[in-house]
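# Summary of the model geometry
Given next are the chains, with one letter for each unit.
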Amino acid sequence: MKSVMFFFLLFLTISMSAQNLIKDNVAETKNIQDTLVIKKWLSKVIIDYLNSKDLKTDFDKMRTALTDSYYNYKQNAINLEYGDELTEAEFQKKWNGIYDTKLVGKGGFFISAQDHGNIDIQDCKLIKTLSDNAQIYHVVIRDLRWKTNFERDIKIVFKQNRPLIDDIKEYE
């Protein structure tokens, strides 16, 4: 009986601490190896942004979860379709070698669909540890209304004692 109670309390403590460590898209963890916290944080960042009712506020929150480099890279990619900041050749020259420019996607952040329904995370799993400060997670983002899956490999880096998204490879 004591061992059952011990395991119950241990499970309860771990699950509650993981929930309490994620506030305003900032995961308060000192260790990228804490995959439970990182997965919950990553899922929250994606869901909060894509299911947003207040796009400006939630864009600003999502932005704090990205490295400056990835944010600029993705903005340049989006602008290839909607702006005239860079040509395709200039984009390739600027970012090729830093990111895999074939897998950037040119829609929005996380998914390409602009008219999407309610979003959920179908799967989020660690697939590769690159170093003590970098990991890759495979994430399946599900549009529940349109019954569409978006598969992504998302690179998380640990900078200034917190995880940040440094790349999203979009497979479409």
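Preceding this section is the structure that the text describes.
Below you will find a few notes about this structure. These numbers come from a predicted model, not from an experiment. (Residues numbered from 1 in each chain as written. Predicted model: local features only at pLDDT ≥ 70, side-chain atom pairs only at ≥ 80, totals over all residues. Heavy atoms only, no water.)

Turning our eyes to something else, we now look at the overall build of the protein. Scanning the protein from N- to C-terminus turns up five helices and six strands. Helices and strands appear in the protein in the N-to-C order α-β-β-α-α-α-α-β-β-β-β. Residues counted as buried form 40% of the 172 residues belonging to the protein. When contacts within the protein are restricted to residue pairs at least 6 apart in sequence, those whose partners lie at least 24 apart make up 53%. In the form shown here, the protein has an accessible surface area of approximately 9900 Å², with 54% of it arising from carbon and sulfur atoms. (Helix = DSSP H or I, 4+ residues; strand = E, 2+ residues; numbered from the N terminus. Buried < 20%, exposed > 50% of the residue type's maximum accessible area, 1.4 Å probe, protein only. Contact = heavy atoms within 4.5 Å. Areas by Shrake-Rupley, 256 points an atom, 1.4 Å probe, with all protein chains shown as cover.)

It is worth spelling out the nonpolar core at this point. In this structure, Leu42, Ile46, Phe109, Phe110, Val139, Ile141 and Ile165 are the most contacted members of the largest nonpolar core, which totals 34 residues. Taken together, the elements giving at least two residues each to this core come down to helix H2 (35–50), helix H4 (68–82), helix H5 (88–95), strand E3 (119–131), strand E4 (134–143), strand E5 (148–159) and strand E6 (162–171). Looking at which element gives the most residues to this core, the answer is H2, with seven residues. Once you skip the residues sitting within four places of it in the chain, isoleucine 141 turns out to touch Ile46, Leu50, Phe110, Ile111, Ile119, Asp120, Ile121, Thr148, Asn149, Phe150 and Arg152. (Core = buried A, V, L, I, M, F, W, Y, C linked by side-chain atoms within 4.5 Å.)

Once that is clear, we can look at the pairing of E6. The element E6 is extensively covered by neighbouring structure, given that seven of its ten residues are classed as buried. Sheet analysis places E5 next to E6, joined by nine bridges and oriented antiparallel. The partner of aspartate 153 across the bridge, within E6, is lysine 169. Hairpin remark: E5 followed by E6, antiparallel, with two residues in the connecting loop; positive phi at glutamine 160, about 50°. (Pairing = 2+ DSSP bridges.)

Here we have four strands laid out as an open sheet, ordered E3-E4-E5-E6, and antiparallel in their pairing. What marks the edges here is a single partner per strand, and that holds for E3 and E6. Looking at each pair of strands side by side, their axes are set apart by 25° on average, direction ignored. Alignment of E4 against E5, held across ten bridges, turns out to be antiparallel. Bridging from a neighbouring strand, histidine 138 pairs with aspartate 153 of E5. (Axes fitted to C-alpha atoms, helices over the stretch in contact; angles between N-to-C directions.)

Direction vectors running N to C along H2 and helix H3 (residues 55–63) enclose 155°, while the axes themselves pass 9 Å from each other. As the angle between them shows, H2 and H3 are arranged roughly antiparallel. For the element pair H2 and H3, the recorded crossing hand is left-handed. Along its contact with H2, which presents Val45, Asp48 and Tyr49, the element H3 presents Asp58, Phe59 and Met62. The residue inventory of the contact of H2 with H3, partitioned by class, reads four nonpolar, no polar and two charged. (Parallel < 35°, antiparallel > 145°, perpendicular 65-115°, else oblique. Left-handed = near helix turned anticlockwise from the far one by under 90°. Nonpolar A, V, L, I, M, F, W, Y, C, P; charged D, E, K, R; others polar.)

Pairing of side chains with opposite charge becomes possible as their charged atoms draw close. Counted according to the given criterion, the structure contains seven salt bridges. In this structure, aspartate 60 and lysine 56 form a salt bridge, with 2.9 Å as the shortest nitrogen-oxygen distance. With aspartate 60 and lysine 56 both in helix H3 and four residues apart, the pair spans about one turn of that helix. Residue aspartate 123 pairs with lysine 125 through a salt bridge whose shortest N-O separation is 3.7 Å. Via salt bridges that share partners, Lys74, Arg152 and Glu170 belong to a single interconnected network. (Salt bridge = Lys/Arg side-chain N within 4 Å of Asp/Glu carboxyl O.)

Quick look at the packing of H4 against H5 now. Axis angle and axis distance: for two packed helices, these are the angle between their axes and the distance between the axes, and together they describe the pair. Remark: H4 packs on H5, axes separated minimally by 10 Å, with the N-to-C direction vectors making an angle of 165°. Taken together, H4 and H5 sit at an angle that is classed as roughly antiparallel. Where H4 crosses over H5, the two elements pack in a sense that is left-handed. Across the interface between the two elements, Ser69, Asn72, Tyr73, Asn76, Ala77 and Leu80 from H4 touch Glu88, Phe91, Lys94 and Trp95 from H5. Considering only residue class, the contact of H4 with H5 consists of five nonpolar, three polar and two charged.

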